[in-house]
Amino acid sequence: MTPPKPRSRPDKVSLRRYVKLFREDILSAQPARLYRAWMAEFKTPFFRSYLINQPDLVKTVLKDRPLDFPKSGRISEGLRPLLGDSVFLTNGALWQKQRRIIDPAFEGGRLRETYPAMWEAAQAALARLSARTGEVVEIEEQTSHAAADIIFRTLFSIPIEDALAQKVFHEFRAYQRTQPILNLAAFLPLPPWMPRFFRADTKAAAKRIRGLITELTERRRAEIAAGRAPDDLATNIMTTRDPETGERFSTEEMVDQVAIFFLAGHETSASALAWALYLVATHPEWQERLAEEAQALGDAPDFADISKLKLSRDVFREALRLYPPVPMMVRETTCPERFRDRDLPKGAQVVLSPWHQHRHERLWDNPDGFDPARWGTENGRQCMREAYMPFSAGPRVCTGAGFAMVEGVLMLSLILRDLKLTALPDKVPEPVAFLTVRARDGIHLAVDRR
Ligand code: HEM
C-alpha cells in the first residue's frame, strides 16, 4: 500500500484561492509539479519566494554559504513571543555564541549520559500503551506524551507526572492549537510593513509558558549554586562557558533555549514516531522483522545496543523521509543571487522543502513508496547524501538530530517488541502541516499484545 500523500492543487489558481488553500494546509496548497521541478518561483504583489529542490543549490544555501542566507525574519516574528532570542531564531554572532554553548551538551559522549533518562521514558510510554491492549488508540497523543516526557527527564530530570511539567505540557498543547504553522508568514502575500497580528490567546499562552519555564530554570540555578543540581542537559548547558568569551547563559537566555528545546524537540519527535508506527502497522512484514530484531536484543538494551537496531533505524529514516516533521524551511537572500539562470533580488525568500525533495521524482526510485531497504541501494545511498534533510544540514543542522535518532529508534523498537499494531482500513490518516506534519484527524491503530 502506498502511504498517504496529500492531494496537490491544480497548477494555476488565483492568489486569493492560493491564500485560502494555504491557510488550510501548506502541503496540499502546492502544485504537483514541485515534485519534479528543480526550482519554482512564487510571485506575490509584495515579495518573491523561490522553492529550490536542486541538490547543489540546497547545498549552496545550507552548507557552502549559510551566512549569506540567514533565517527569514518573516518566520521569526510569529514565534518571537514564545521563543524570544532562542537559537532557532537568531542569526550571526549571537547564534554562533549560542551554538558554542549548546552543542557540547548534545555530542556523542553526552548522549550516552542522557540515555538512562530516555530509557525510563520509553519504558513508561510502553507501559501506558500496554495498558490499552485490545483497544483502538489515537497514536499521536501517545507519542506526544512520550516525547514530552523524554524532554523533561533529559533536560530537568523530572518525569511528565511532575506538577510543573504537566502545566508546561498542557500550556504547549493549548499554544499549538492557537498558532498557525511555522512557515505561514513567509509565504503570505502581506507587505513587510503591515503589522502582524498575533491572536490574543497565542500571546497569553506564550507568556504563561515562559513563566513556567522561568520557574524551572531559576530553581535549577539555585540548585547549581548550592552544589546539588542533577547531572542533566539543563545543568550541563547552564554551567558551560562560551569557549571564546567565557560567558554563560543568563536565566533569561536559558529560558529562550529551554522553550525551543521543548518545542523543537517534542513536536517533531512525536510526529516522526507516530508516522513510523503507522507505516509498520500498514506493512506487517516490516513490523514482524522489527519485532524479531527487538526481541533478539533482550529486555534492557543499553546505549551501545541502539546501533544494533539496524532495521528499526532504516524504518525510522524512511518515516522521516516520507513525513519529514519539519516540511519546509525558509531563508532570505542578503544580496542579489543567480540560481538556474534566474535573478533573485536581495530580500527574496528561499524555501527549502524536505517534503518535496524527499519525494522528488527525478531523484528517488519509488519516491512515494515505503521501502526501508532502499538505504542499502545505490540510489538510496546517493539520495541520503544529496537529497535527504529531515534535520536540515550544514552549520544550522538540528542540534537534537543525534538525540532524536536514538530516541526514535529505541521507542519504535521497544513498542514493537511487546505490541502488535494494526491499521484500520476506514481510517487512513491525511497528512497536513500544522506546526509539524501531522494527521488531520489523528492516527488510529488497534493495539494488541504480541
Ligand atoms: C525527529 C525529530 C526532529 C526533527 C525532524 C528535527 C528537525 C529540525 C530541523 C529541520 C531543524 C532546522 C530548522 C530550520 O533551519 O528552519 C531543526 C532545528 C533545531 N532543532 Fe530539531 N528536530 C528534531 C528533534 C529535535 C530535538 C530532540 C531537539 C532538542 C532536544 C531539537 C532541537 C533543535 C534546535 C535547538 C534547532 C535550532 C538549531 C539552529 O537553528 O541552530 N530538535 N530541527
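(A) A look at the overall build of the chain. Along the chain, the regular secondary structure elements total 16 helices and 11 strands. Relative to the 2.2 N^0.38 estimate, which gives 22 Å for 450 residues, the radius of gyration of the chain is 21 Å and therefore close to what a compact globule would have. For the C-alpha atoms alone, the extent of the chain along its principal axes is close to 55 × 55 × 40 Å. Burial status across the chain gives 58% buried among its 450 residues. The contacts in the chain between residues at least 6 apart in sequence include a share of 74% that link residues at least 24 apart.

(B) Summary view of the packing of helix H11 (residues 251-281) against helix H16 (residues 401-418). Close contact between H11 and H16 brings their axes to 10 Å; oriented N to C, the two are set at 35°. When you trace H11 past H16, the crossing you get is right-handed. Contacts between H11 and H16 involve Ser269, Leu273, Ala276, Leu277 and Val280 on the former and, on the latter, Ala404, Glu407, Gly408, Met411, Leu412, Ile415 and Leu416. A breakdown of the residues in the contact of H11 with H16 according to their chemical character gives 9 nonpolar, 2 polar and 1 charged.

(C) Quick peek at unusual backbone geometry. For Arg340, which is not glycine, the phi dihedral falls at a positive 45°. For Arg340, the location among the structural elements is in the loop between strand S5 (337-339) and strand S6 (342-344). The phi dihedral of Asn366 is positive, around 45°, even though this residue is not glycine. For Asn366, the location among the structural elements is in the loop between helix H14 (354-357) and helix H15 (378-386).

(D) Just the site of the ligand, in detail. Near the ligand there are 25 residues, and of these Trp95, Arg99, Arg331, Arg396 and Cys398 occur at the shortest range. At 2.7 Å from an oxygen atom of the ligand is found a side-chain nitrogen or oxygen belonging to Arg99. Between an oxygen atom of the ligand and a side-chain N or O atom of Arg331, the distance comes to 2.8 Å. Within the residue set of the shell around the ligand, elements represented by two or more residues are helix H4 (92-102), H11, strand S4 (329-332) and H16. At 4 residues, the largest contribution of residues to the shell around the ligand is made by H11.

(E) Representation of the packing of H11 against helix H13 (residues 310-322). With their axes 9 Å apart at the nearest point, H11 and H13 run at an angle of 110° to one another. Overall, the two elements H11 and H13 adopt an arrangement that is roughly perpendicular. Taking contact as the criterion, the partners of Ala272, Leu273, Trp275, Ala276, Leu279 and Val280 in H11 are, on H13, Val315, Phe316, Ala319, Leu320 and Leu322. Considering only residue class, the contact of H11 with H13 consists of 11 nonpolar, no polar and no charged.

(F) The arrangement of the environment of Val258 in detail. Inspection of the secondary structure assignment puts Val258 in helix H11. According to the relative accessible area criterion, Val258 is buried, its value standing at 3%. Sequence separation of Val258 and Leu216 is 42 residues, and the distance between their C-alpha atoms is 9.6 Å. Discounting residues that sit within four places of it in the chain, Val258 has contacts with Leu155, Phe156, Ile213 and Thr217.

(G) Structural detail: the coordination of the iron atom of the ligand. Just one protein atom coordinates the iron atom of the ligand, and that atom is Cys398 (SG), at 2.3 Å. The residue Cys398 is located in the loop between H15 and H16 in this model.

(H) Structural context of the side chain of His283. Within the secondary structure, His283 sits in the loop between H11 and helix H12 (284-297). In this structure, His283 is in contact with Met1 and Phe370, ignoring residues within four places of it in sequence.

(I) Focus on the sheet that holds strand S3 (residues 136-138). An order of S3-S11-S8 is seen for the 3 strands of this open sheet, with the pairing classed as antiparallel. For this open sheet the edge positions go to S3 and strand S8 (419-423), each flanked by a neighbour on one side alone. Averaged over all pairs of adjacent strands, the angle between strand axes in this sheet comes to 40°, irrespective of strand direction. Running over the sheet, H16 touches S8 and strand S11 (444-449) and is turned about 95° from S8.

(J) Fine view of the sheet that holds strand S2 (residues 48-52). Taken in spatial order, the 4 strands make up an open sheet running S1-S2-S7-S4, and their pairing is mixed. One side of each edge strand has no neighbouring strand; the edge strands of this open sheet are strand S1 (39-43) and S4. Neighbour to neighbour, the strand axes of the sheet diverge by 25° on average, direction disregarded. Where S1 and S2 come together, 5 bridges link them in antiparallel fashion. Paired with Met39 across the bridge in S2 is Ile52. Packed onto the sheet, helix H2 (residues 55-64) meets S1, S2, S4 and strand S7 (349-352) and runs at close to 110° relative to S7.

Cut-offs and rules
For every chain, the first residue of the written sequence is number 1, and numbering continues from 1 along that sequence. Only residues with pLDDT of at least 70 get local features here, since the model is predicted, and only at 80 or more are side-chain atom pairs given and counted; chain-wide, interface and lining totals rely on the full set of residues. Just so you know, side-chain values use all the structure's heavy atoms and leave hydrogens and water out. Secondary structure elements are taken from DSSP: a helix is a run of H or I of four residues or more, a strand is a run of E of two residues or more, and numbering for both begins at the N terminus. The globule rule is 2.2 Å times the number of residues to the power 0.38, and the radius of gyration it is compared with is taken over C-alpha atoms. Relative accessibility decides the category of a residue: with a 1.4 Å probe and only protein chains considered, values under 20% of the type maximum give buried, values over 50% give exposed, and everything between is partly exposed. We call two residues in contact whenever any of their non-hydrogen atoms come within 4.5 Å of each other. For helices, the fitted axis covers only the stretch in contact; all axes are lines through C-alpha atoms, and the angles between them, taken along N-to-C directions, range from 0 to 180 degrees. Crossing handedness is read from the near helix: turned anticlockwise from the far helix by less than a right angle, it gives a left-handed crossing, and turned clockwise, a right-handed one. Any residue outside Ala, Val, Leu, Ile, Met, Phe, Trp, Tyr, Cys, Pro, Asp, Glu, Lys and Arg is labelled polar, Gly included; the first ten of those are nonpolar and the last four are charged. We call a residue near a molecule or strand as soon as one heavy atom of that residue lies within 4 Å of the molecule or strand. In protein, a polar contact means a hydrogen-donor-capable atom and an acceptor-capable atom, both N or O and within 3.5 Å, with residues adjacent in sequence counting only if both atoms are side-chain atoms; elsewhere, any N or O pair within 3.5 Å suffices. Between 65 and 115 degrees an angle is taken as roughly perpendicular, under 35 as roughly parallel, over 145 as roughly antiparallel, and anywhere else as oblique. Donor criterion used throughout: N, O or S atom within 2.8 Å of the metal, extended to 3.2 Å for Na, K and Ca. Water excluded; incomplete-looking sites may result. Two strands form a pair only when DSSP identifies at least two bridges running between them.

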